[in-house]
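Residue strings, one per chain:
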Amino acid sequence: MVSTVLIDGKKQADELCLQMKEKIKNFSRPPCLAVILVGDNPASLIYIKHKRKYAERLGVSVKFYQLSPVMTEDSLCSFIKELNENPLIDGILVQLPLPFPFDSYKIIDTIDPHKDVDGLSSTNLGYLFVGQPRIIPCTPLACMALLKTVVSDFSGLNAVVIGRSRLVGKPLGQLLLDAGCTLIQAHSQTKNLSEHCKNADIVVSATGHTGLIKKDFIKAGAVVIDVGISRTPEGKIVGDACADELMGIAGAITPVPGGVGPMTVSMIFQNLISICEKNLYNR
Ligand code: NAD
């Protein structure tokens, strides 16, 4: 029986907060992040609350703009362009999902790539996929940071990423490839998912499909990163993995909540600080 390590994302995020706080002390002014929410999606409001709380602990200023969902796409783009031009705003984050009928990626691509803290613009994703990463999307970065707490050498490891979204699956697959893994990028049409997973040293599940990763998917000692977030009918937050079943089989696993979520928040601010240090784009 394997002794399964629980990877504590909250603890990692707290430690990172202290380290970043030290860095910020040397800045001429606190970094400033603009957060845009269109509408009043309750889940988005909770995510923004977590970000603002982390920013407050860190000493980062957040300008929160809650905009009307009846505004036009053009006026939202004009608003973002004004923030692009504002030298006192270092980073811009548009909280996703945007309400219908906004075209999320047209809006994201309006953000100046130098201020795109989420790293989701075509420019920043393009840099990642050609092997010249600038600003990397936060959830994939969080997954890599958590993996690095238990994996010292990725070269030649078999990794399965379940999910192929622009937000998580695709960029994470690229990061694992770049780190030296042999990658299988699985998705809803993948056949024999359990067979692929059983052969993997690393399984990252990012589907939102509760109970997808069962004990017969995981080989002894494999690392499981659970990105999924779902709510049970009783209101409990759960991930994609049947975590209880995996204890004693997986080498390490991230809990939900308390795993990838808190680290994703800290990666936003890591990106913001890198933007302020101007070490991503030389301008
Ligand atoms: P998405 O809906 O865009 O993509 C889901 C992906 O999962 C798709 O590529 C789909 O093909 C795949 N998929 C769905 N069901 C599957 C199945 N049964 N078998 C195999 N593949 C399947 O979602 P997303 O934006 O990539 O987010 C994925 C999950 O991660 C969601 O639960 C989301 O809430 C969560 N998430 C968590 C964080 C965090 O910080 N913890 C951040 C972003 C997303």
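Keep in mind that what you see is a predicted model, and the values were worked out from it rather than measured.

**Student:** Hey, could you go over the nonpolar core for me, with residue numbers and the actual values?
**Tutor:** Grouped together as the largest cluster of nonpolar side chains are 51 residues, with contacts concentrated most on Y54, L147, L176, V204, I225 and F269. When residues of this core are assigned to domains, at least three map to each of domain 1 (29-112) and domain 2 (138-260). Ignoring any residue separated from it by four or fewer positions in sequence, one finds I225 in contact with I7, C143, L146, L147, V203, V204, S205, T254 and V260. Residues A34, I80, V94 and L120 belong to the second largest nonpolar core, which totals 18 residues.

**Student:** An account of the packing of helix α5 (residues 122-129) against helix α7 (residues 169-178) is needed here, citing residue identities and associated values.
**Tutor:** Working note: a packed helix pair is described by the angle between its axes plus the distance between those axes. With their axes 10 Å apart at the nearest point, α5 and α7 run at an angle of 25° to one another. Judged on the interaxial angle alone, α7 and α5 are roughly parallel. As for how α5 packs across α7, the hand of that crossing is left-handed. Of the residues in α7, those in contact with L125, L128 and F129 of α5 are K170, P171, Q174, L175 and D178. In terms of residue class, the contact of α5 with α7 is built from 5 nonpolar, 1 polar and 2 charged.

**Student:** Now, about the site of the ligand: what can you tell me, with residues and values included?
**Tutor:** Neighbouring the ligand are 20 residues, the closest being R164, S165, S188, G208 and I229. Within the backbone of S188, an N or O atom sits 3.0 Å from an oxygen atom of the ligand. A distance of 3.2 Å separates a nitrogen atom of the ligand from a polar atom in the side chain of H209. Considered on its own, the ligand offers 850 Å² of accessible surface; in the complex 71% of this is hidden by protein. No other element matches the 3 residues that helix α10 (residues 260-277) contributes to the shell around the ligand. Residue classes in the shell around the ligand are distributed as 8 nonpolar, 11 polar and 1 charged.

**Student:** Mind laying out the packing of aromatic side chains, listing which residues take part and the relevant values?
**Tutor:** One pair of aromatic rings is described through two measures. These are the centre distance and the angle between the planes. Counting across every chain of the model gives 2 aromatic pairs. Seen from their ring centres, Y54 and F269 are 5.5 Å apart, and the 25° between their planes marks the pair as stacked. You can see Y54 sitting in helix α2 (residues 42-58) and its partner F269 sitting in helix α10, a full 215 residues away along the chain. In this structure Y54 comes out as buried when scored by relative accessible area, which is 5%. With relative accessibility at 0%, the residue F269 sits in the buried group. Arranged with centres 5.0 Å apart and planes meeting at 75°, the rings of Y65 and F79 form a pair that is edge-to-face. Of this pair, Y65 sits in strand β3 (residues 61-67) while F79 is found in helix α3 (residues 73-85), placing the two residues 14 residues apart along the sequence. Against the face of Y127 rests R134, its NZ or CZ located 4.0 Å from the ring centre.

**Student:** Could you give an account of the sheet that holds strand β6 (residues 182-186), with specific residues and numbers?
**Tutor:** The 6 strands are arranged β1-β11-β8-β7-β5-β6 in an open sheet whose pairing can be described as parallel. Two strands lie at the open edges of the sheet, namely β1 (5-6) and β6, each paired on one side alone. Bridge analysis of strand β5 (residues 158-162) against β6 gives 5 bridges, and the strand direction is parallel. Residue pairing in the sheet places V161 in a bridge with Q185 of β6.

Calculation rules
- Residues numbered from 1 in each chain as written.
- Predicted model: local features only at pLDDT ≥ 70, side-chain atom pairs only at ≥ 80, totals over all residues.
- Heavy atoms only, no water.
- Core = buried A, V, L, I, M, F, W, Y, C linked by side-chain atoms within 4.5 Å.
- Buried < 20%, exposed > 50% of the residue type's maximum accessible area, 1.4 Å probe, protein only.
- Domains from an automatic or database assignment.
- Contact = heavy atoms within 4.5 Å.
- Axes fitted to C-alpha atoms, helices over the stretch in contact; angles between N-to-C directions.
- Helix = DSSP H or I, 4+ residues; strand = E, 2+ residues; numbered from the N terminus.
- Parallel < 35°, antiparallel > 145°, perpendicular 65-115°, else oblique.
- Left-handed = near helix turned anticlockwise from the far one by under 90°.
- Nonpolar A, V, L, I, M, F, W, Y, C, P; charged D, E, K, R; others polar.
- Near = heavy atom within 4 Å.
- Polar contact = N/O pair within 3.5 Å; in protein donor to acceptor, adjacent residues only side chain to side chain.
- Areas by Shrake-Rupley, 256 points an atom, 1.4 Å probe, with all protein chains shown as cover.
- Phe/Tyr/Trp six-rings, centres within 6.5 Å; stacked < 30°, edge-to-face > 60°.
- Lys NZ or Arg CZ within 6 Å of the ring centre and 35° of its normal.
- Pairing = 2+ DSSP bridges.

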